[in-house]
Amino acid sequence: MERTFIAIKPDGVQRGLIAEILSRFERKGFKLVAIKIVVPSKDFAQKHYHDLKERPFFNGLCDFLSSGPVVAMVWEGEGVIKYGRKLIGATDPQKSEPGTIRGDLAVVVGRNIIHGSDGPETAKDEINLWFKPEELVNYSSNAEKWIYGVN
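Taking an unreviewed UniProt entry as the reference, the protein is identified by name as Nucleoside diphosphate kinase belonging to Vitis rotundifolia. The protein has a UniProt comment under Sequence similarities (unreviewed entry) that states "Belongs to the NDK family." In its Subunit (unreviewed entry) section, the UniProt entry covering the protein states "Homohexamer."

Caption draft 1: Looking closely at the UniProt feature "binding site: ATP" (unreviewed entry) in the protein. Per the UniProt annotation, the sites labelled "binding site: ATP" (unreviewed entry) are Lys-9, Phe-57, Arg-85, Thr-91, Arg-102 and Asn-112. Inspection of the secondary structure assignment puts Arg-85 in helix 5 (residues 80-88). For Arg-85, a relative accessible area of 33% puts it in the partly exposed group. Beyond its immediate chain neighbours, meaning those up to four positions away, Arg-85 contacts Gly-116, Ser-117 and Asp-118.

Caption draft 2: Geometry of the nonpolar core. With 22 residues, the main nonpolar core has Ile-21, Phe-25, Met-73, Trp-75, Ile-113 and Ile-114 as its most contacted residues. Looking at this core, the elements that each hand over two or more residues are strand 1 (3-8), helix 2 (18-28), strand 3 (70-76), helix 5 and helix 6 (101-105). Per-element tally for this core: the top contributor is helix 5, with 4 residues. Residues within four places of Trp-75 in sequence aside, it is in contact with Glu-2, Arg-3, Thr-4, Ile-6, Leu-22, Phe-25, Glu-26, Phe-30, Lys-31, Leu-32 and Val-80. Ranked by size, the runner-up nonpolar core spans 18 residues in total, among them Phe-5, Ala-45, Ala-72 and Leu-136.

Caption draft 3: How the structure looks around the UniProt feature "active site" (unreviewed entry) in the protein. On the UniProt side, "active site" (unreviewed entry) is annotated at positions that read His-115 here. Residue placement: His-115 occurs in strand 4 (residues 114-116). His-115 sits in the buried class, given a relative accessible area of 13%. If we ignore the near neighbours within four places in the chain, the residues touching His-115 are Phe-5, Ile-6, Ala-7, Lys-9, His-48, Ile-88, Arg-102 and Glu-126.

Cut-offs applied
- Residues numbered from 1 in each chain as written.
- Predicted model: local features only at pLDDT ≥ 70, side-chain atom pairs only at ≥ 80, totals over all residues.
- Heavy atoms only, no water.
- UniProt positions renumbered as here; feature names shortened; annotations may be inferred.
- Helix = DSSP H or I, 4+ residues; strand = E, 2+ residues; numbered from the N terminus.
- Buried < 20%, exposed > 50% of the residue type's maximum accessible area, 1.4 Å probe, protein only.
- Contact = heavy atoms within 4.5 Å.
- Core = buried A, V, L, I, M, F, W, Y, C linked by side-chain atoms within 4.5 Å.

In structure tokens:
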């Protein structure tokens, strides 16, 4: 099964949107295999956003991610990376479709509530950055036979 990294950013935590966001992934049928709440340091935020280092908004982005609590998660399921991105919506909430997390809950790009890995390599790197291997839980969900048709 594929895994992805999802983070509810400080604005999503402060606005009380944790349960709403978790429920959207759960209702889709994805399985939560790791979760914790942390306040990342600025250095940690810079490691997370290392690929954006040359962008003019890099420092502001790192300041924001380290400004308060973040809910870091790993979700598992078939197609979870690609479909997780669809659930999240476009980076700019103004361009996100209704029904997506950003389309329904965010207004401006600088406060877009959530981060999700954009591909398999990024997912692997982000999971390894945010979680120790022993923090990831392997288990069978009773719902899997109803989601995937495996009896």
